[in-house]
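# Fold and contact review
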Amino acid sequence: MHIKTFVAVAVGLGLVTLSACGSTDAKGSADTRTVTLVSHNSWSVSKSVIKDFEKQSGYKVRVLEDGDAGQAVNKAILTKDNPQGDVLFGVDNTLLSRALDNGLFQPYEAKGLDKVGAQYQLDKDEHRVTPVDYGDICVNYDKAYFARHKLAPPQSFADLAKPAYKDLLVTENAATSSPGLGFLLGSAAQFGDGGGWQDYWKKLKANGVKVVDSWDQAYRQEFSGSSEGKKAGGDRPLVVSYASSPPAEVIYAEKRPAAAPTGVATGTCFRQIEFAGLLGNAGNTKGGKAFLDFLVSRQFQEDMPLNMFVYPVVQGAKVPADFTKYGPAAEHPENMAPAEIADHRDQWVKSWTSLVLK
Amino acid sequence: MALPVAFFALFFAWPVAAIVTRGLKVDGVWRLGRILDVVTQPDIRHVLWFTTWQALASTALTLLLALPAAYVFARLDFPGRQLLRAVVTVPFVLPTVVAGSAFLALVGHNGLLDELWGVRLDTTVWAILLAHVFFNYAVVVRTVGGLWSQLDPRQVEAARMLGASPSAAWRKVTLPALAPAVAAAALMVFLFTFTSFGVVQILGGPTFSTLEVEIYRQTTDVFDLSTAAVLTLLQFAAVGAILAVHAWTVRRRETALRLVDPNTTARRPRGAGQWALLAGVLGTVALLLVLPLAVLVRRSFESPGLGSYRALTDADGGTFLVAPVTAVWTSLQYAVAATAIAVVIGGLAAAALARRDAGRLVRSFDALLMLPLGVSAVTVGFGFLIALDEPPLDLRQSWILVPLAQALVGAPFVVRTMLPVLRAVDARLREAAAVLGASPWRVWREVDLPMVRRALLVAAGFAFAVSLGEFGATVFIARPDNPTLPVAVARLLSRPGEVNYGQAMALSTILMVVCAAALLVLERLRTDRTGEF
């Protein structure tokens, strides 16, 4: 028995030593020359722009992409005592309350925040998060399909439930995808709670709405209007995507068309604002702060639209001509106060799941 | 015994308890009322119902298709039998993501059936059921076939001689002897399909959800930890019950039969009936097991000039910080470490369990060792993240975390493989050696080790293959910049575009080749009584 106890202790000690070794070669935690950004999968920036930041600040940028926006936030909450990086980018207004209530971020007022429009500053008293971009989640339509069928594309939430558009719409799971959740919240803002949006979704379901797990799947496989969707044999001419998707179709096309192949149903939009924040126990606080300054700098803000297909929040930042030409911003997107989202989100997602998926 | 107990307490019981506690204890007060709340929710009841019925259906379908194969492998002698035995076992040790993607390539959007006839089965329950058969075919063939080949054929001959009809001989002689093995196999299949994660996640779409998938969704997507905790407890209870019944059938099987050398019982097929049976089994294996794997391999070679394989070495693809091919190296390192841990822990546990004077307490540990196989891997992975975060055991930054989680799944296989062999070692040999003055260490080295060496290698091989393919826990604790093979495959699959898809197929093929190689080596090493797998 003594020998066995000894063995157990020895193994325990061995593991401790191993863990000690492990943490020294784990990057990011104690390294002050590197700043680590944790983001969802859609992070993108021009190489020259990030090089400029590295040269000016002296920090090397390391990016960890960690799943969908929701998953990145949840995992950051789980590991908040010992975070994977210094800055988290990609918390949007639909998930903001979850991140803030769980104490994910430490306050920092980024340099240049005064130039950010007040309507985007949802945490302006404490500055735990910094607004970075905004966009609109809207239904996109395949122009060719509607021309072929001599059908007017839908314009509003209510249109989508009409028999003329039966079996045409594909959307994302509101529990696993942020555009899916945005679309649900948009419908809730339009029709109200307590029967309103629930009835609307019952109608949508009866009208043959298809639900898939992610935006990638919906837009690039099921939607007939996107270039990848066409190749994959997608057969749904309506998809929940972004107001900026049509310009993306033009800019990424092999041969640039005169007009975008897809359009936006402008009465189906929900405004999404994305934030970044300095993680609570960041290893490199200084580097993280410098990176947040960079995110609201004019250079990054003007580079962003063509990389991530979102709009800048800094006043005066120029948006490329192609961007506005092929995809005008939604006129009256639905909005919802973060407090209201916080109060209802989980319950709504739950009832939506039972209503639409089960 | 102390070491395995400490290991399971520290790396299994504690993390699972921590996560359940975090979900159910709010502000220091236990919220046990949540259990009732959750269980009575209609959508949770729906999940429970689906989990149970798809497991029952999968088990029935697997038995239906695999029992004839068990007979063929046990009783018929045909060329290539040994190779085929290895082939049917490949799916069992394949990671669920790979199997899932193989089926997607067969029945999914733009899959083979879609191209040929426009048939799509993904997001239908059929894809899930077929994938479950694909996986568990080997469990039935190996468990039932292994016993069948050792049943003395003379018993049936004697019955026939005494005037029993073939069906009466089957009913009264063969079936009763086989029943415990069939029951054990069925329970294992039920256990694996009841806790199915990767297959349902990939093939099921948002509509279908087993308990395990629901635990994952509640944890990572909905972030409702208390519901996840309740579901974990439910799964725990169900798995415990299945294992208890399983242990009972194993005990019955160990005691009741007189067995013969399996090499003497197989004969060349005779008569139209046996040839038809053989052809049917070969056809099933080709369609259900080989075809998906072949489609997967073909897809990986589709882009011109090995494009998918070359893309694997390109770090600029953007999905990871590193070139996907480094995941192969990462996986191999993790799997070797996990195998070492599993063999030490599982071996010590088996040695303790095999002792004649092992008490009731020790023997009940036998069933406990199997629990990690059935408890939500997501729960374990998540538990690791929140339980092992304080010095002296802050392992979350450490690479050892992944092998530890994989070893939890590997250790039960080591125990199941080693235990029957160790039990067969005559205790009097050890006693004699001890009387003659050998130290306990020397007794182990010179008596036990030579007899169990082959079993040890087989156990290590299984632990290696299982660790290599472990997905549920690894996906949660592997750092984004250091993915293992299955994690990398899953991540590539979740991204759109031909390039990513091709890379996923190429990585899956690599993984499959490594698993198959390990398995063929095992098949050569196999002794006639190396446990159940």
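Here the structure is a predicted model, which is why all the values come from computation and not from measurement.

## Quick notes on the overall build of chain B
For chain B, the count of helices and strands is 23 helices and 2 strands. Considering chain B as a whole, with its 533 residues, one finds that 50% of them fall into the buried category. Here the contacts in chain B between residues at least 6 apart in sequence split such that 82% fall between residues at least 24 apart.

## Some remarks on the pairing of strand β3 (residues 87-92) of chain A
All names here are of chain A. Among the 6 residues of β3, 6 are classified as buried, and the element is accordingly described as predominantly covered. Judged from the 3 bridges that link them, strand β1 (residues 34-39) and β3 form a sheet pairing that is parallel. Of the residues in β3, the one forming a bridge with Leu 37 is Val 87. Direction of pairing for β3 relative to strand β9 (residues 262-279): antiparallel, over a ladder of 5 bridges.

## With respect to the nonpolar core
Counting 170 residues, the largest nonpolar core has Met 418 and Ala 459 of chain B as its most contacted members. Looking at this core element by element, the count peaks at 16 residues for helix α7 (residues 125-148) of chain B. Listed in part, the 95 residues of the second largest apolar core include Phe 53, Leu 169 and Val 211 of chain A together with Phe 223 of chain B.

## Looking at the domain arrangement of chain B
All names here are of chain B. Looking at chain B, the domain boundaries give domain 1 (1-31 + 306-533) and domain 2 (48-94 + 122-299). Those elements that place two or more of their residues in the side of domain 1 that touches domain 2 are α1 (2-24), α16 (360-374), α17 (377-387), α20 (440-469) and α23 (498-525). Sort the elements by how many residues they give to the side of domain 1 that touches domain 2 and α23 lands first, with 9 residues. The class makeup of the residues in the side of domain 1 that touches domain 2 is 21 nonpolar, 8 polar and 6 charged.

## As for the pairing of strand β2 (residues 60-65) of chain A
Residues and elements named next belong to chain A. In this structure, β1 lies alongside β2, joined through 6 bridges in parallel fashion. Paired with Val 38 across the strands is Leu 64, a residue of β2. The β-α-β motif built from β1, the intervening helix α2 (residues 47-57) and the parallel element β2 has right-handed crossover chirality.

## A few points about the confidence of the model for chain A
This prediction gives chain A a mean pLDDT of 84; 91% of its residues lie at or above 70. Scored below 50 in pLDDT, residues 1-30 of chain A shows 35 contacts in the model against residues more than four places distant or in partner chains.

## A word on the packing of helix α15 (residues 326-354) of chain B against helix α18 (residues 401-424) of chain B
Residues and elements named next belong to chain B. It is the contact of α15 with α18, at a shortest axis distance of 6 Å, that shows an interaxial angle of 40 degrees. With respect to each other, α15 and α18 are oriented oblique. In this structure, α15 meets α18 at a crossing whose hand is right-handed. For the contact of α15 with α18, a count of residues per class yields 23 nonpolar, 5 polar and 1 charged.

## Quick look at the domain arrangement of chain A
Residue and element names in this part refer to chain A. Taken as a whole, chain A is organised into domain 1 (29-134 + 273-312) and domain 2 (136-272 + 329-357). Listed per partner, the contact involves 16 residues of domain 1 and 18 residues of domain 2. Mapped by element, the contributors of at least two residues to the side of domain 1 that touches domain 2 are α3 (69-78), α4 (96-101) and β9. In terms of residue class, the side of domain 1 that touches domain 2 is built from 9 nonpolar, 4 polar and 3 charged.

## Quick notes on the confidence of the model for chain B
Residues and elements named next belong to chain B. Taken residue by residue, chain B gives an average pLDDT of 79. The fraction at 70 or more is 86%. The spread of mean pLDDT over the elements of chain B runs between helix α14 (residues 307-311), the lowest at 70, and helix α3 (residues 42-75), the highest at 90. Counted against residues more than four places away or in other chains, residues 316-320, with its pLDDT under 50, gives 8 contacts. Counting interchain partners and residues more than four positions distant, the pLDDT-below-50 stretch residues 528-532 has 18 contacts. Both scores are available for the predicted complex, with the pTM at 0.78 and the ipTM at 0.71.

## Observations concerning α7 of chain B
In an α-helix, one full turn covers 3.6 residues, which means residues spaced three or four apart are oriented alike. Given a rise of 1.5 Å per residue, 24 residues ought to cover 34 Å, and the 32 Å separating the end C-alpha atoms of α7 of chain B matches this to within 8%. The largest bend in α7 of chain B comes to about 45 degrees, at Asn 136 of chain B.

## Points about the packing of helix α7 (residues 178-191) of chain A against helix α15 (residues 338-357) of chain A
Each pair of packed helices gets described by two things: the angle between the helix axes and the distance between those axes. Residue and element names in this part refer to chain A. Relative to each other, α7 and α15 sit at 105 degrees, their axes nearing to 11 Å. The pairing of α7 with α15 is recorded here as roughly perpendicular in orientation. Residues Leu 181, Leu 184, Leu 185 and Ala 188 of α7 form the contact with α15, whose own contacting residues are Ile 341, Trp 348, Val 349 and Trp 352. For the contact of α7 with α15, the per-class residue count stands at 8 nonpolar, no polar and no charged.

## Thoughts on unusual backbone geometry
Residues and elements named next belong to chain A. Even without being glycine, Asp 167 reaches a positive phi, approximately 60 degrees. Within the secondary structure, Asp 167 is located in the loop between α6 (157-160) and β6 (169-172). For Asp 167, a count of 13 C-beta atoms within 10 Å gives the class partly exposed. A positive phi angle is found at Phe 309, which is not glycine, with a value near 55 degrees. Mapped onto the elements, Phe 309 comes out in the loop between α13 (298-308) and β10 (311-312).

Reading guide: rules and limits
- Residue positions are given per chain, counted from 1 along the sequence in the order it is written.
- Chains carry letters from A onward and ligands carry numbers from 1 onward, assigned in written order.
- With pLDDT at 70 or above as the cut-off, local features in this predicted model cover only qualifying residues; side-chain atom pairs require 80 or more to be listed or tallied, and sums for whole chains, interfaces and linings still use all residues.
- In DSSP terms, a helix is any run of H or I states spanning at least four residues, a strand is any run of E spanning at least two, and both are numbered starting from the N terminus.
- Once C-beta atoms are placed from the backbone, each residue is buried if 20 or more other C-beta atoms lie within 10 Å of its own, exposed if 12 or fewer, and partly exposed for counts between those two.
- Any two residues are considered in contact once their C-beta atoms, placed from the backbone, lie within 7 Å.
- Any two strands between which DSSP finds at least two bridges are classified as paired.
- Each nonpolar core consists of buried Ala, Val, Leu, Ile, Met, Phe, Trp, Tyr and Cys residues. Their C-beta atoms, within 7 Å, join them into a set.
- Domain start and stop points were drawn from an automatic or database domain assignment.
- By the convention adopted, Pro, Cys, Tyr, Trp, Phe, Met, Ile, Leu, Val and Ala count as nonpolar, Lys, Arg, Asp and Glu as charged, and the other residues, Gly among them, as polar.
- A crossover gets the label right-handed when its path from the first strand over the helix to the second runs clockwise, viewed with the strands pointing away from the viewer.
- Confidence scores per residue from the predictor, reported as pLDDT, run from 0 to 100.
- Axis lines are fitted to C-alpha atoms, over the contacting stretch for helices. Their N-to-C directions set the angle, which ranges from 0 to 180 degrees.
- Small angles under 35 degrees read as roughly parallel and large ones over 145 as roughly antiparallel, with 65 to 115 read as roughly perpendicular and the rest as oblique.
- Less than a right angle of anticlockwise turn of the near helix away from the far helix marks a crossing as left-handed, whereas a clockwise turn marks it as right-handed.
- Here the expected length of a helix is defined as 1.5 Å per residue gap, with one fewer gap than residues.
- Fitting axes to the seven residues ending at a residue and to the seven starting there, one defines the bend at that residue as the angle between these axes.

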